[in-house]
Each structure stands twice: as structure tokens, then as C-alpha cells.
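# Topology and contacts: notes
Listed below, chain by chain, are the residues.
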Amino acid sequence: MPPFYRPSRMLAAAATATVLAAGVLLPTTADAADPRLPIPGGTTPSQGSEPQQAARRPTAFNFKLATFNILGSQHTAGPGGYGPGTHRARITARMIKHKNVDVIGMQEVQTDQYRVLHNRLDHYRIWPGTRLGNQGIRLQIAWREHQFKLLRTGTITTRFDHQSRPIPWVKLKNRSTGRRMYVVDIHNSPQGEEAERDSATRAEIRLINRLRQDHKPVFVVGDMNEKAEWFCKVAGHTDVRSANGGHASPDRCSPPQRRLRIDWLMGGRRIDFSHYREDDGGQVRQASDHEFLHTRVHVRSPR
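Scope of this entry: the structure provided in the associated data block. (Residues numbered from 1 in each chain as written. Predicted model: local features only at pLDDT ≥ 70, side-chain atom pairs only at ≥ 80, totals over all residues. Heavy atoms only, no water.)

Here the focus is the state of the cysteines. Under the criterion given, the structure shown has one disulfide. Disulfide pairing is shown between Cys-232 and Cys-253; the S-S distance is 2.0 Å. Measuring handedness by torsion sign, the sulfur bridge of Cys-232 and Cys-253 sits at about -80° and is left-handed. With Cys-232 in helix 8 (residues 228-237) and Cys-253 in strand 12 (residues 253-254), the pair connects residues that are 21 residues apart, well separated along the chain. The class for Cys-232 is buried, based on a relative accessible area of 5%. (Disulfide = S-S within 2.5 Å. Helix = DSSP H or I, 4+ residues; strand = E, 2+ residues; numbered from the N terminus. Buried < 20%, exposed > 50% of the residue type's maximum accessible area, 1.4 Å probe, protein only.)

Have a look at this one:
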């Protein structure tokens, strides 16, 4: 049994203060950025234009969720090691379609790789694309357009390897049922940058809880560069849980029993995970030094 995670009251108070200072939520509609919009309640132009659909009774739906650190091009420049970033991006796009992924968060994306993904992932939409500048291009969320419609977007800003970087989120509508959900894509600082990871984690917890005020499912995917510590903090202070098991509360934590990864698939509010996989086969090994994580998600009907 792994050790329990027991934050003290002083640490919890310090975490809350740091979160309030670090996380800045920037909501937008699908078509125009407007930081004045309320988060996440209220009526957006996309929601308000569909009063007839609002009267339809929501139902359950299923989709496949994934995360993949695609290994940025800069890490494979020159001879030896992995192939060029653009070649590996082509492999990544092929895997996404072959594995029938409906929603995916990608990390370490660079401009040349984004162009490949944008061109190869036909029938998918990708956000933020190039809209958030060079730092913002590193994290991308893609989804099948025939299955989901983009309603809103937003970011928080965290520290990554001594730089400020936006963490993107999207609000999607399942086209067949009208049900809404959020997806957050995360990449936290690597190796010895513990203080930056801790600060980012507190901001991510605050973001998840703010989005959950909308009473919609929230999915969190990405490369957290931590194993049990990140899981215990996030699962213990939000209602999201991991696709590969485990349980946490504010003062007790039991991480998943299987081997832990630094990549995570999480989600909460009336959902069920199944068929969780950590693929590391031939194509995955050609594309990246990370596993390709994916799971089936069943979003239950409201009570």
C-alpha cells in the first residue's frame, strides 16, 4: 500500500494562496476571444442560439480519449536517435486515426509538427493551433468534428522550464446528444523543477474546480512529469479520477496499482472508463519516447 498523502493545514493554506496568484483563467467563445465573459456559467452566443436543442432530453454517449507527448522536433535534430519531427508527426497522425481516437491532448508540439498534424488530421479540429504564439503551440487539443462542436476555449498561465506557458482548455458539445464537457491539456516542468510543478499543479486544481462549477464533465490529460504526487494532489482536491484506477481524498491517497506513468488520463462527473491502454508498440516507439495512452469513456445520462 503506497503511503498516504497528508497535506498539513499550513501547506494547504499556502497552496491556496499560490493558486490564486498563479492561475489566470481566460475564457473565449469558439469564434472570438473575450476575457470579460463569465467563467464558466452564463450563456455564450453558441449556447444561446440553440434554445430548441436545450429542451431535448440529454442522453449518454461514448468516445475514445487519448494523450500523447509527441516529442518535439528540437529534441531529435541532427543525426542519430529518433527521426525528424515532421516524419514522427506523420506517424502520430496515422496512429490517432488508426486507433479511432475521438479526443486527444498532445504535448511538445512544435510549428513544423503542427503543420503536419493540421494537414494530416482531416475531419479533426485542433485548438489552439498557432493562435497563442510560440509557447502556446506546444499544447494542442484535437477532436473529431463530426462528433463534437467547439463552444468555448480558454487558458491559464503556468511556469514551464523557467518560462510562462498557456495551458489550454476547450468546452465541447457532443453533436448527437447536445451534452457538454471540458478538456484540459497539461504539460508540467520536467526533472528538477519541483517548485514549478507544485505551482502549476495548484493552478490546475483551481482550474478544474472552476470548470466543474458548470456541472459538466471535466477531462484532464497530459504529461505531468510526476507520478503519485500529482495524482494524489489532483484527485484528492477535485472530483476527477484516473482512467487506470486509484483513489484519493484530501488526507488519504491510494494511487493506481499498476506501474505509474508521468502521463495521465483523468476525468470526473458521471463518467466510466474502460479499455485503458498504454501503447508502446513499434509505431509509438518510432514516434516518441512516451507511451500512447487511450481509454474508452462512457458519459452517463443525468439523473
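Attention shifts here to the packing of helix 7 (residues 194-212) against helix 8. Running from amino to carboxyl end, helix 7 crosses helix 8 at an angle of 25°, the nearest separation of the two axes being 10 Å. Regarding the angle of helix 7 to helix 8, the classification is roughly parallel. Relative to helix 8, helix 7 is oriented so that their crossing is right-handed. For the pair formed by helix 7 and helix 8, the contact residues are Glu-194, Asp-198, Thr-201, Glu-204, Ile-205, Ile-208 and Asn-209 on the first element and Glu-229, Trp-230, Lys-233, Val-234 and His-237 on the second. For the contact of helix 7 with helix 8, the per-class residue count stands at four nonpolar, three polar and five charged. (Axes fitted to C-alpha atoms, helices over the stretch in contact; angles between N-to-C directions. Parallel < 35°, antiparallel > 145°, perpendicular 65-115°, else oblique. Left-handed = near helix turned anticlockwise from the far one by under 90°. Contact = heavy atoms within 4.5 Å. Nonpolar A, V, L, I, M, F, W, Y, C, P; charged D, E, K, R; others polar.)

Time to look at the packing of aromatic side chains. Scanning all chains against the criterion turns up eight aromatic pairs. Considering the side-chain rings of Phe-68 and Phe-292, the 5.0 Å spacing of their centres and the 40° angle between planes classify their relative orientation as tilted. On the criterion of sequence distance, the pair formed by Phe-68 in strand 2 (residues 61-69) and Phe-292 in strand 15 (residues 292-299) is long-range, its members being 224 residues apart. Residues Phe-68 and Phe-292 agree in their burial class; the two are buried. Joined through ring pairs, the aromatic side chains of Phe-61, Phe-63, Phe-148 and Phe-219 make up one cluster. Taking the ring centre of Phe-160 as reference, the NZ or CZ of Arg-165 above it sits at 3.9 Å. (Phe/Tyr/Trp six-rings, centres within 6.5 Å; stacked < 30°, edge-to-face > 60°. Lys NZ or Arg CZ within 6 Å of the ring centre and 35° of its normal.)

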